[in-house]
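Descriptive analysis of the structure
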Amino acid sequence: EVHLVESGGGLEQAGGSLRPSCAASGFTFDDYAMGWFRQAPGKEREGVSCIKSGRGYTNYAHFVRGRFTISRDNAKNTVYLQMNSLKPEDTAVYYCAPIPSCNSDYVPFRDFTSWGQGTQVTVTS
């Protein structure tokens, strides 16, 4: 059973930094691309960044490109999201998930239901 535990969010002022992490279990982590998603109140969940299984290729949504950096540690089954130059519009609950592929239009697996509890990121102006 897929189990995802996000942590490392928090309250930060605009311009600050946070580094959420996501610990995964229940599947062969090395075999899967991983994606970060976020959901703000009243909005649909959206993709933020993804990384291929081999760690080489990454992709970023336009609204975080140049500010966020995704990375993964396959030995620890963990994916990270370094968030710099935070903006109030980054406020959301952040989730991770294994994804079919990492590209500009990445989405979760169809019928994926094993979402973690997410980690809240709140950025004040």
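Quick caveat, the model's predicted, so the values are computed rather than measured. (Residues numbered from 1 in each chain as written. Predicted model: local features only at pLDDT ≥ 70, side-chain atom pairs only at ≥ 80, totals over all residues. Heavy atoms only, no water.)

Here we take up unusual backbone geometry. Of note, Ser-85 is a non-glycine position whose phi angle comes to about 50°, a positive value. As for its placement among the helices and strands, Ser-85 is situated in the loop between strand S8 (78-83) and strand S9 (92-99). Positioned with a positive phi, Asp-111 is a non-glycine residue whose angle comes to about 65°. Assignment of secondary structure puts Asp-111 in the loop between S9 and strand S10 (119-124). (Helix = DSSP H or I, 4+ residues; strand = E, 2+ residues; numbered from the N terminus.)

If you walk through the whole model with that rule in mind, you get 2 disulfides. Two residues share a disulfide in this structure: Cys-50 and Cys-102, whose sulfurs sit 2.1 Å from each other. On the sign convention where negative is left-handed, the bridge of Cys-50 and Cys-102, at about 80° about the S-S bond, is right-handed. With Cys-50 in strand S5 (residues 46-51) and Cys-102 in the loop between S9 and S10, this pair connects stretches of sequence that are 52 residues apart. (Disulfide = S-S within 2.5 Å.)

A full pass over the atoms with the stated rule returns 3 salt bridges. The salt bridge partner of Arg-38 is Glu-46, with a shortest N-O separation of 2.8 Å. We classify Glu-46 as partly exposed; its relative accessible area is 32%. The closest approach of N and O atoms between Arg-67 and Asp-90, which form a salt bridge, is 2.7 Å. Taken as a pair, Arg-67 in the loop between strand S6 (58-60) and strand S7 (68-73) and Asp-90 in the loop between S8 and S9 lie far apart in primary sequence, 23 residues in all. Asp-90 matches Arg-67 in its accessibility class, with the two residues each being buried. Here the residues in one salt-bridge network are Arg-38, Glu-46, Arg-67 and Asp-90, joined through shared partners. (Salt bridge = Lys/Arg side-chain N within 4 Å of Asp/Glu carboxyl O. Buried < 20%, exposed > 50% of the residue type's maximum accessible area, 1.4 Å probe, protein only.)

That is the geometry; function is a separate question.
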